[in-house]
Amino acid sequence: MKQVSFRNDILPLKNELYRLALRITLNPAEAEDVVQETLIKVWNRRESWAEIDSLEAFCLTICRNLALDKMKRMDNQAQALDDTHDPPASDRSANPEERAVQRDRIELVRRLIAQLPEKQRSCMQLRDIEGKSYKDIAQVLSISEEQVKVNIFRARQTIRQRFIKTENYGL
């Protein structure tokens, strides 16, 4: 029987939970609420922690379900992702014009990701940003690995097409 500690095993997942909740709710305050509710639910199930194969998948599943429930209750569609972090300046983009173009492109990609359907957005977030395996994503989202791959492919293809269209023809 393995010993599980809330402080050492579950609390370090809070940033990952926040990013998942933010991708679903598209609202930083709502994402924080979802993470807090997730941690409370996980704490209340502490008697069964030893039987859970993957605490990370367990926490991510709870977070995803709470975020989706919150979205349904609020009927909150199409809010822009409010991310105040500037992209890191790279050595290749030394002049201000190149940095401005890079920031605009990153913001465009963020907007395109925010426009994706929830399942595609979640799959892409977990795979490309969080670095999860297809198996883990399938477990968290309760879909097959093939569906995960299809959703990621479609999300990437949609973003690529819309990005090229916007870059070539403007908004």
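To start, this report covers the structure provided alongside it. As a convention, each chain's residues are numbered from 1 in the sequence order in which they are written. Restriction of local features to residues with pLDDT of at least 70 applies here, the model being predicted, together with a cutoff of 80 or more for giving and counting side-chain atom pairs; totals for whole chains, interfaces and linings are based on all residues. As a rule here, side-chain values cover all heavy atoms of the structure and leave hydrogens and water aside.

1. With respect to the pattern of salt bridges
As a reminder, the rule being used: By definition, a salt bridge exists where a carboxyl oxygen of Asp or Glu is found within 4 Å of a side-chain nitrogen of Lys or Arg. A run of H or I in DSSP becomes a helix once it reaches four residues, and a run of E becomes a strand once it reaches two; helices and strands are each numbered from the N terminus. Under the scheme applied here, a residue whose accessible area is under 20% of the maximum for its type counts as buried, over 50% as exposed, and between as partly exposed, the area being computed with a 1.4 Å probe on protein chains only.
This model, assessed by the stated rule, comprises 8 salt bridges. Arg19 serves as the salt-bridge partner of Glu130, at 2.6 Å between the closest nitrogen and oxygen. Taken as a pair, Glu130 in the loop between helix H6 (118-129) and helix H7 (134-141) and Arg19 in helix H2 (residues 14-25) lie far apart in primary sequence, 111 residues in all. Given the relative accessible area of 15%, Glu130 is considered buried. Under the relative-accessibility criterion, Arg19 is labelled partly exposed at 35%.

2. Notes on H6
What counts, and what does not: One less than the residue count of a helix, multiplied by 1.5 Å, gives the span that helix is expected to have.
The terminal C-alpha atoms of H6, which comprises 12 residues, lie 15 Å apart, in line with the 16 Å expected from a rise of 1.5 Å per residue. Residues of H6 that are buried include every one of Gln120, Arg121, Ser122, Cys123, Met124, Gln125 and Leu126, and no others. Positive backbone phi, at 75°, marks Gly131, one or two positions downstream of H6.

3. Comments concerning the packing of aromatic side chains
Keep this limit in mind: Centre distance within 6.5 Å is the pairing criterion for rings of Phe, Tyr and Trp, where only the six-membered ring of Trp is used; planes under 30 degrees apart are then read as stacked, over 60 as edge-to-face, and the remainder as tilted.
Inspection of the entire model under this criterion finds 3 aromatic pairs. Plain terms: the ring middles of Phe6 and Trp43 are 5.4 Å apart, the flat faces sit at 80° to each other, and that makes the pair edge-to-face. Placement of Phe6 in helix H1 (residues 6-10) and of Trp43 in helix H3 (residues 28-44) is noted, with a sequence separation of 37 residues between them. When the centroid spacing of 6.2 Å and the interplanar angle of 15° are considered together, the rings of Phe6 and Trp49 count as stacked. On the criterion of sequence distance, the pair formed by Phe6 in helix H1 and Trp49 in the loop between H3 and helix H4 (55-74) is long-range, its members being 43 residues apart.

4. Here's the deal with the environment of Lys41
The condition that has to hold: A contact between two residues is defined here by any heavy atoms of the two lying within 4.5 Å.
One can find Lys41 in helix H3. Under the relative-accessibility criterion, Lys41 is labelled partly exposed at 42%. Once the C-alpha coordinates of Lys41 and Leu66 are considered, the two residues, 25 residues apart in sequence, prove to be 10.0 Å apart. Aside from chain neighbours lying at most four places away, what touches Lys41 is Ile62 and Leu66.

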